[in-house]
Amino acid sequence: MIKAHVRIILKGLKSISLRIAFHSFFPGMFLAFLPFHPVSSQCNGFQSTVVISLDGFRWDYPEKANTPTLDQIAKTGVKAHSLIPSFPSKTFPNHYSIATGLVPDHHGLVNNSFYDPKMKRPYSMGNADARFDPAFYGGEPIWISAQKQGLRTASFYWVGSDVAIQGKHPDYYKTYDGSVPFSERIDTVIHWLSMPQSIRPQLIMAYYEEPDGIGHDFGPDGKETLSLVHELDSIIGILYNRIKMLPEADCINFIVLSDHGMGATSTERYVNLRDYIPESWPVKIVGGNPNYNLYAEGKWIDSSYNALKKVAHIKTWKPTAVPEHLSYGTNPRTGNIIVVADSAWSVTDREPKKPATGGTHGYDIRNTDMHAIFYATGPSFREGYIHPSFQNIHIYALLAQILVINPALTDGDLNQVIDMLKPQNVPNDPIE
Ligand code: AMP
Ligand code: ZN
Ligand code: ZN
């Protein structure tokens, strides 16, 4: 298994064969309207920011494995103690929270799989009809805000970037294909950064599925997981060194982050919802371990709630009773009943087929096992600065500040993260 994971990331590392899909671009059309850039003096007004997401990279992996590249980035730039995910701590909700600055309850991707009672349609990452339908994607991803204000953007697989949200894609983007090796994604990032300034993107966002996959298989303390963490750090090192060799390296911000962490699970610790909600009841159970949303009508809401509310090792809430710190339950897509397992427990909707001894995520965001990473270096960032843990909804505001664009309305707050930036990136107006 470990070999398969490593093979995928290393395959084609030296390949420079680049097939870039130039979806659309507006050559300098809006440049005249760009606001004055605070770092323009050293970069002739042109700066690029690269954001790499390593799925499921738990905040403390650098304490468990050897990660010299991340350590180096922390030295030359900023490291957050941890990046707090939004609830539920799953991949789709969180990548889209990072992109939009909204909690999942507000942007609408309320889980990896859910049901929309108004449209009467299910959503899941494997359901292409739904995944590519902009109707499921609320808010304004940062690539659209940037593009509307004259910047060029690129994305290699960020959640939502291959969907025509507001009828737009990033200027350069790819349709998701999980079999494309990390090395090819890195080659493409370097290619984008090497393009002439007139067509070079100022914002590049790229995604890789590991170490999430291996963390699910072997758990957050598995030697296979920690060995891949080390491997990924080396590959990030290759990318970072290639960026540093570019002629305009001093004008490139480099951010490495993740969407959530990983918690150890065990076959000994699971709850099967079907032991309490018979198949014959007209109740939809949608989601994945450890998060489920239940959709019912009339008396079936209370029947389901009463059947689950006293079950040990899970939390069962009606939408209005969800704890405030989870900011969840106002969107009809969250259903009539919300279930999440307690830390280290699993919840399923069928008898597990095989022992689940690895790991999972999706738990309460106060469980630090769910916390992610945030490392950043480059002309906009302070050096050797450690920032306290912060929630990922603030990243949109941080990126908007670095890109010098007007942000859309979000749940985030620039004041929570502005101290990471060098003074020239801080607005002149005093911050309230
Ligand atoms: P999770 O179940 O939350 O661990 O989801 C992780 C999985 O999401 C990855 O293994 C990918 O296969 C999948 N994934 C991530 N980004 C995308 C995307 N943009 N489109 C489709 N699937 C994705
Ligand atoms: Zn993930
Ligand atoms: Zn996962």
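The shown structure was predicted, so the numbers you read here are calculated from the model rather than taken from an experiment.

Novice: Whenever I open this one, the packing of aromatic side chains confuses me. Can you help?
Specialist: Between two aromatic rings, the relevant description is the distance of the centres plus the angle of the planes. Scanning the model with the defined rule gives 17 aromatic pairs in all. Between Y123 and F136, the aromatic rings sit 5.1 Å apart at their centres with planes inclined by 55°, giving tilted as the arrangement. Of this pair, Y123 sits in strand 5 (residues 121-123) while F136 is found in the loop between helix 7 (128-131) and helix 8 (142-148), placing the two residues 13 residues apart along the sequence. Residue Y123 is classed as buried on the basis of its relative accessible area, which comes to 1%. Ring geometry for Y157 against Y176: centres 5.0 Å apart, planes inclined by 65°, an arrangement best described as edge-to-face. Remark: Y176 occurs in the loop between strand 7 (172-173) and helix 9 (182-194) and Y157 occurs in the loop between strand 6 (153-156) and strand 7; sequence separation between them is 19 residues. Overall, the relative accessible area of 6% leaves Y157 in the buried class.

Novice: Would you mind showing me how to read the coordination of the zinc ion (ligand 3) here?
Specialist: Each donor-metal-donor angle would ideally measure 109.5 degrees in four-coordinate tetrahedral geometry, or 90 or 180 degrees in six-coordinate octahedral geometry. Those donors, D212 (OD), D212 (OD), H216 (NE2) and H361 (NE2), are the protein atoms that reach the zinc ion (ligand 3), and they lie 2.0 to 2.4 Å from it. Linear spacing of the donor residues for the zinc ion (ligand 3) on their chain is D-x3-H-x144-H. Metal-to-metal, the separation of the zinc ion (ligand 3) and the zinc ion (ligand 2) is 4.5 Å. Of this pair, D212 and H216 both sit in helix 10 (residues 212-218), four residues apart, which is roughly one turn of the helix. Since its relative accessible area comes to 10%, D212 is described here as buried. For H216, a relative accessible area of 28% corresponds to the partly exposed category.

Basis of the calculations
- Residues numbered from 1 in each chain as written.
- Chains lettered and ligands numbered in written order.
- Predicted model: local features only at pLDDT ≥ 70, side-chain atom pairs only at ≥ 80, totals over all residues.
- Heavy atoms only, no water.
- Phe/Tyr/Trp six-rings, centres within 6.5 Å; stacked < 30°, edge-to-face > 60°.
- Helix = DSSP H or I, 4+ residues; strand = E, 2+ residues; numbered from the N terminus.
- Buried < 20%, exposed > 50% of the residue type's maximum accessible area, 1.4 Å probe, protein only.
- Donors = N, O, S within 2.8 Å, 3.2 Å for Na, K, Ca; no water.

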